[in-house]
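In case you want the letters, here they are:
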Amino acid sequence: MLAVEVACGPQERDQIVAELYELGATGILEKDTGLLAYLPSHIDPRVVEGRLAGLALRIISEPEQDWALRWRECWRGFTVGERFFLAPEWSEAPTPPGRIRLLLRPGRACGTGLHPCTQLCLELLESVVKPDHVVVDVGTGSGLLAVAAVHLGAVRVIACDLAEEAVEEARQRFAQEAPDVLLYQGSLRSLQACVADVVIVNISAPAAIQLAPEVRRVSRTGAAAVISGFPVRQRERVRAALEEAGFAELERREREGWQAVLCYTR
């Protein structure tokens, strides 16, 4: 595991956080002097230095067991939106009244709940998922957003991912938290047309652009799509692809240089 210390001021932090997450950061801590980020050990330190050129950096290689300990020490429960409380699976902190508890699980798959895009998706899902809805989570990663949809009352949740390790991690989560989720390894092409009331795509800008026609195909008339996983600077490319596919943007939200959009089928 790589630990990267970045000396920076408050006004620079949002952009640097966005860069660190794009590099694959699995956790970022704010310090008085700047930021401390953790990245997977396979990331080349030279790539980090290139992306953060001009900043004062210190890169440290830490044993995996040290990271596991720091992970547990640093993670605390926190609220997201109006209805969710995210807490590490080992936390004994009580769930605030009226909130839904979602478990944070460190692992290899995307979607731990710490990333701004995941939190933005949770906030948007609160406003669109209804008890009679069918929700499709594309690129489910750890399965966190699919579980959230179940807790919001969706009548059926379908989750898919191309990565075998992500499917395995999601399967383990669903077995414990949401056994009725339909999970498969594959793409949207495996689904019939017009089945979804809500589609979630929290992957990347290229994925959102490529998947836009398929998202529209599986969506019912008036269905909602929650699209995220991309930095603000890529918004126009994503917006144009969604509009061409037949979506109308209703709302967009930004956090730490990242964006999520809520759109509906026209």
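Residues numbered from 1 in each chain as written. Predicted model: local features only at pLDDT ≥ 70, side-chain atom pairs only at ≥ 80, totals over all residues. Heavy atoms only, no water.

Caption draft 1: Local environment of the overall build of the protein. Scanning the protein for helices and strands turns up eight helices and 14 strands. For 266 residues, the compact-globule estimate of 2.2 N^0.38 gives 18 Å, and the protein sits close to it at 18 Å. C-alpha atoms of the protein, sized along the principal axes, occupy 50 × 40 × 35 Å. Split into buried and exposed, the 266 residues of the protein put 52% on the buried side. Contacts in the protein between residues far apart in sequence, at least 24 positions, make up 63% of those at least 6 positions apart. (Helix = DSSP H or I, 4+ residues; strand = E, 2+ residues; numbered from the N terminus. Rg over C-alpha atoms; globule rule 2.2 N^0.38 Å. Buried < 20%, exposed > 50% of the residue type's maximum accessible area, 1.4 Å probe, protein only. Contact = heavy atoms within 4.5 Å.)

Caption draft 2: Broad picture of the sheet that holds strand β11 (residues 196-202). Read from one edge of the open sheet, seven strands run β10-β9-β8-β11-β12-β14-β13, paired in mixed fashion. Single-partner strands in this sheet number two, and they are β10 (182-185) and β13 (247-255). Neighbouring strand axes in the sheet, compared pairwise and without regard to direction, differ in orientation by 15° on average. Inspection of the sheet shows β13 paired to strand β14 (residues 258-265) by eight bridges, in the antiparallel sense. Each bridged residue has a counterpart across the sheet, and for R252 the counterpart in β14 is V261. Its contacts with the sheet place helix α6 (residues 164-177) against β9 (156-161) and β10, and it is angled at close to 165° to β10. (Pairing = 2+ DSSP bridges. Axes fitted to C-alpha atoms, helices over the stretch in contact; angles between N-to-C directions.)

Caption draft 3: Layout of the sheet that holds strand β6 (residues 84-88). Read across the sheet, three strands follow the order β5-β6-β7 without closing on themselves; strand pairing throughout is mixed. The open sheet has two edge strands, β5 (78-80) and β7 (100-104), and neither has a second partner. Within the sheet, the average angular offset between the axes of one strand and its neighbour, ignoring direction, is 35°. Pairing analysis gives five bridges linking β6 to β7, with the strands arranged parallel. The residue bridging L86 from the neighbouring strand is L102, located in β7.

Caption draft 4: Local environment of the side chain of N202. Tracing the sequence through the fold places N202 in strand β11. A polar atom in the side chain of N202 sits 3.2 Å from the backbone nitrogen of G229. Once residues within four sequence positions are removed from consideration, N202 is found in contact with C117, T118, C121, V138, L145, S228 and G229. (Polar contact = N/O pair within 3.5 Å; in protein donor to acceptor, adjacent residues only side chain to side chain.)

Caption draft 5: Region of interest: the environment of R105. The topology assignment puts R105 in the loop between β7 and α4 (116-128). Residue R105 is classed as buried on the basis of its relative accessible area of 16%. With 79 residues separating them in the primary sequence, R105 and Y184 have C-alpha atoms 20 Å apart.

Caption draft 6: Structural context of the pattern of salt bridges. Inspection of every chain in the model, using the stated rule, returns 16 salt bridges. Residues R252 and E249 are paired through a salt bridge, measuring 2.8 Å at the closest nitrogen-oxygen approach. For R252, a relative accessible area of 39% corresponds to the partly exposed category. Of the residues examined, E249 reaches a relative accessible area of 34% and is grouped as partly exposed. Sharing partners across several salt bridges, the network here consists of E19, E22, R51 and R233. (Salt bridge = Lys/Arg side-chain N within 4 Å of Asp/Glu carboxyl O.)

Caption draft 7: Representation of helix α5 (residues 144-151). Within α5, six of the eight residues are buried, leaving the element largely enclosed by the surrounding structure. Every buried residue of α5 is accounted for by L144, L145, A146, V147, A148 and A149. At the exit of α5 stands G153, carrying a positive phi of roughly 105°.

Caption draft 8: Inspection of unusual backbone geometry at higher detail. Even without a glycine there, the phi angle at C194 is positive, about 60°. Along the polypeptide, C194 turns up in the loop between β10 and β11. Under the relative-accessibility criterion, C194 is labelled partly exposed at 46%. You will see that E256, though not glycine, has its phi angle at about 55°, which is positive. Inspection of the secondary structure assignment puts E256 in the loop between β13 and β14. Overall, the relative accessible area of 31% leaves E256 in the partly exposed class.

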